[in-house]
Amino acid sequence: MKKIIDLCKEVPLLPLTILAAIPLALIPQWRPWGHIHPAFDPGVGEWIIILFVAWIIYTSIREMIDSIRHGHIGVDLLAIVALVSTVCVQQYWASWAVVLMVASGEAIESYAQNKARGNLTALIKAAPQQAHVVTLPGVADGGEAQLTEEGFRKVQQAVEQAQREGKPITMGNGHFDTVPVNDVKLGSVLIVLPGEIVPVDGQLLSGTASVDLSNINGEPVPRTLFVGAKVLSGSINGSTTMMIRTTSLAADSQYQQILKLVSSAEESRAAVVRTADMLAVPFTIISFAIAIVAWIVSGTGLRFAQVLVLATPCPLLIAAPVAYVAGTARLAKQKILIKSQDVLENLGRVTHVFFDKTGTLTVKQPQVVRVEKAKDMPANVSEDEILMLAGMVEGFSVHVLAKGIVAAGKEAMARLHRLPSSSGKTAADGAGQRELPNPNENYPVVGNVSETPGKGVTGTVDGHKVEVGRFAFVTEQSIASEEVHTAQEEERNEKAMEQADREAAKLWPTELEPDEMATYIAIDGKLAARIVLRDVPRYNAKQSIAQLRELGVKEETMLTGDKKASAMIIANEVGITDVRYELLPQDKVNAVREAAAAEKTGRESGWKRFLAKLLGEPIHRDVTMMVGDGVNDSPVLAVADIGMAMTDGTSTAASESAEVVIMNDDIGAVPLGVKIARQTKQRMLQAVLIGIALAIVGMVCAAFNLIPVVVGAFLQEAIDVVSILWALTALFNRKQASHAGIRT
């Protein structure tokens, strides 16, 4: 009931039109003023309908003029003439039905648009509206802490000064002020309470925090952050209070960038929607032609009205944009954001997809593929134990290989049953209830960790000295500890380190593959093993490439700056045959440009040129798409017809060079996006053509006097509903478990 009331408030003409049927039914011929003229003498109920008709004509003409000014061709002329004709032939119930059609059409459009925008509305409603700015003593207005010479915050001094000046020192909730999110300044310190949405991007000041990123990238499991980590607006705080320092204004924060993408797509008009506008012209001509011929042949103006009340414009005016808004919302639900509806249309016509290799076809960090023990290492020391020790010290490293080793170390700890578990007991602290660890667990104890940049990291684990890094470092050669003071000395030292790594390779019987890299580990001063890592393809990369082929994409190309050997290994694993390697950024740009130029060559027939002009672009033109990380691939993303940036939501989503942003870092979203785009265009065209076809059939039947004028007016309303509901099916995937196996 509430939805119906809200809809009536949004479209007040609808309930008023329904109420107007009462006087039309009860007092249609009542004339307290007497008779006017025999040819035109409506009663009170009929005059009310005439006033409604006059209002509809006035508003329709005004909207039609406004549409023409903005370059849109409307078909409201049909509704205007239909209203005038029904009044002229004094068919007031038909006039009321057409007015009801216009009012209910607005209501149906409002309902359909709201239904289609459902996922987009959820995004907008989740936008943070307020923030808690800390007002603790010692924190300045700009957010910079006042520090003593020893580096401590001047809390006590600030309290004493406030007391001397007679200012109140508040406690508890008085430590922060709640302000609109747009009033938050850079550098301000904010409190985010448990369960609240993070209002702006910031840096974590409190020890640890657990945040839900599902609003941003669809990640189902909360992510644990540590002090100094970046916290994104739109993420939801966990069960403890968190303190952050703002690094971006509200307008520049992550969630607002997502909303900008959504808004730009929702407000744009796709070329195919503009094509629906263009179809209004021939449809209007056909409608008037049938009506005029029926009038001439029958010799009665009533037949003209009978035809025009069935000339429904809704499939063109409403169904087309509703379908595209629905498609945009469906993509947003799958964490695929587009910048305009034109991109949605082109996405469904992609013929050539270019992929960056590292971070796109492969995972973002090299992964451990095996552990090769040194020949002098005792047999009772397992590979899992070696990985656990390496992972514990690498957890403190910032090296590019560290994350892969840490991940492998955690897996090894799980297999060794040395991960911490809960004791089932809890303890209260300032942030709430925390679970206590099991005191009987044999969790590794780490200490004395230090890192030598570019060489390795060392520390103690359970009392054992562990060194992980380059061969010269773990074997404690003098070159690893040699101090360098000039660029020449640094270059000479690096060459010596590389030579030591090459010599180390001779200690193992198997050679590394071209795409593999190695780091070494020593335990208690003794070389223990070589840990081999490599770039590995994403688990669903090969499946995604196959799905693109099943969808009709003609070519897939991999672009990479890597050497041929390592590039070909990844290409063979994911199923790509066209590989361009050892490319600089400009070489990638040239590769995409050359492919696009080759695909656009050739003469088009006159018919194709006519359709291209009608549609606003060539209908059979090949479309190129570049898929990359949206940062170092920015130039090539910009030059392709469609640039698609893959991100996990923690980098800037609104890349200036990408028209499509995948927020959940899933390469499977590439074929999924193409499929949804194609289905959206199909549903839109089906809705438009079904509506037009039914309207033309109805008009022909009315021309032969098979459909009375009042019945025709209500039948036209049914055609509108069918067309719009069909357009709304763009929200759903009707073909479950399709042959391509693409999840939707």
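Residues numbered from 1 in each chain as written. Predicted model: local features only at pLDDT ≥ 70, side-chain atom pairs only at ≥ 80, totals over all residues. Heavy atoms only, no water.

Draft legend 1. Highlighting the overall build of the protein. Across its full length, the protein carries 26 helices and 24 strands. With 744 residues in all, the protein has 49% of them scored as buried. Once local pairs closer than 6 in sequence are excluded, the contacts in the protein between residues at least 24 apart make up 69%. Of the accessible surface of the protein, which amounts to about 35,900 Å², a share of 59% is contributed by carbon and sulfur atoms. (Helix = DSSP H or I, 4+ residues; strand = E, 2+ residues; numbered from the N terminus. Buried < 20%, exposed > 50% of the residue type's maximum accessible area, 1.4 Å probe, protein only. Contact = heavy atoms within 4.5 Å. Areas by Shrake-Rupley, 256 points an atom, 1.4 Å probe, with all protein chains shown as cover.)

Draft legend 2. Expanded view of the packing of aromatic side chains. Throughout the structure, instances matching the rule amount to six aromatic pairs. With 6.1 Å between their ring centres and 55° between their planes, Trp96 and Phe714 make a pair best called tilted. Highlighted residues: Trp96 in helix H5 (residues 92–116) and Phe714 in helix H26 (residues 709–728), separated in sequence by 618 residues. With a centroid separation of 5.4 Å and 75° between ring planes, the pair formed by Phe471 and Tyr520 is classed as edge-to-face. Of the two residues, Phe471 sits in helix H17 (residues 471–474) while Tyr520 sits in strand S18 (residues 516–523), which places them 49 residues apart along the sequence. (Phe/Tyr/Trp six-rings, centres within 6.5 Å; stacked < 30°, edge-to-face > 60°.)

Draft legend 3. Quick peek at unusual backbone geometry. Positive phi outside glycine occurs at Asn448, with the angle close to 55°. Inspection of the secondary structure assignment puts Asn448 in strand S15 (residues 446–452). Backbone geometry at Asn705 places phi at a positive 65°, although glycine is not the residue there. Mapping Asn705 onto the fold places it in the loop between helix H25 (669–703) and H26. Residue classification places Asn705 among the partly exposed positions, given a relative accessible area of 44%.

Draft legend 4. Spatial organisation of a nonpolar patch on the surface. Residues Leu16, Leu19, Ile22, Leu26, Ile27 and Trp30 make up a contiguous nonpolar surface patch of about 620 Å² in total accessible area. The residue Leu16 is located in helix H2 (residues 13–26) in this model. (Patch = residues over 30% accessible without salt bridge, like charges linked within 9 Å, V, L, I, M, F, W, Y side chains within 5 Å. Salt bridge = Lys/Arg side-chain N within 4 Å of Asp/Glu carboxyl O.)

Draft legend 5. Representation of the nonpolar core within the structure. Counting residues in hydrophobic clusters, the biggest one holds 72 residues, and the most contacted among them are Phe355, Met625 and Val670. Ranked by residue count, the leading element in this core is H25, at 14 residues. Within the second largest apolar cluster, 30 residues are counted, among which are Phe52, Val53, Leu100 and Ala107. (Core = buried A, V, L, I, M, F, W, Y, C linked by side-chain atoms within 4.5 Å.)

Draft legend 6. Structural detail: the side chain of His132. Considering the arrangement of structural elements, one finds His132 in strand S1 (residues 130–134). Judged by its relative accessible area of 6%, His132 is buried. Of note is the side chain of His132, whose polar atom sits 2.9 Å from the side chain of Thr178. For His132, the side chain forms a polar contact with the side chain of Glu196, separated by 2.8 Å. Those residues in contact with His132, other than ones at most four positions away along the chain, are Phe176, Asp177, Thr178, Val189, Leu190, Ile191, Leu193 and Glu196. (Polar contact = N/O pair within 3.5 Å; in protein donor to acceptor, adjacent residues only side chain to side chain.)

Draft legend 7. A look at the environment of Met243. Along the chain, Met243 falls in strand S9 (residues 242–246). Judged by its relative accessible area of 23%, Met243 is partly exposed. Separated by 54 residues in the primary sequence, Met243 and Val189 place their C-alpha atoms 6.9 Å from one another. Dropping the residues within four chain positions of it, Met243 is found in contact with Val134, Val189, Leu190, Ile191, Gln203, Leu204, Leu205 and Ser206.

Draft legend 8. The arrangement of the pattern of salt bridges in detail. Summed over all chains, the structure comprises 17 salt bridges. The partner of Glu467 in a salt bridge is Lys465, and the shortest N-O contact between them spans 3.8 Å. Judged by its relative accessible area of 36%, Lys465 is partly exposed. Residues Arg580 and Asp578 are paired through a salt bridge, measuring 3.0 Å at the closest nitrogen-oxygen approach. For Arg580, a relative accessible area of 26% translates into the label partly exposed.

Draft legend 9. How the structure looks around the environment of Ile292. Looking at the element boundaries, Ile292 is found in helix H10 (residues 271–298). In this structure Ile292 comes out as partly exposed when scored by relative accessible area, which is 40%. A sequence separation of 411 residues divides Ile292 from Ala703, and the C-alpha atoms of the two residues are 9.4 Å apart.

Draft legend 10. Quick look at the packing of helix H11 (residues 301–308) against H25. H25 packs onto H11 with a crossing angle of 165° between their chain directions and a minimal axis gap of 8 Å. For the element pair H11 / H25, the angle class is roughly antiparallel. Note on packing geometry: the crossing formed by H11 with H25 is right-handed. Contact residues: Arg303, Gln306 and Val307 in H11; Met699, Ala702 and Ala703 in H25. Of the residues in the contact of H11 with H25, the class split is four nonpolar, one polar and one charged. (Axes fitted to C-alpha atoms, helices over the stretch in contact; angles between N-to-C directions. Parallel < 35°, antiparallel > 145°, perpendicular 65-115°, else oblique. Left-handed = near helix turned anticlockwise from the far one by under 90°. Nonpolar A, V, L, I, M, F, W, Y, C, P; charged D, E, K, R; others polar.)

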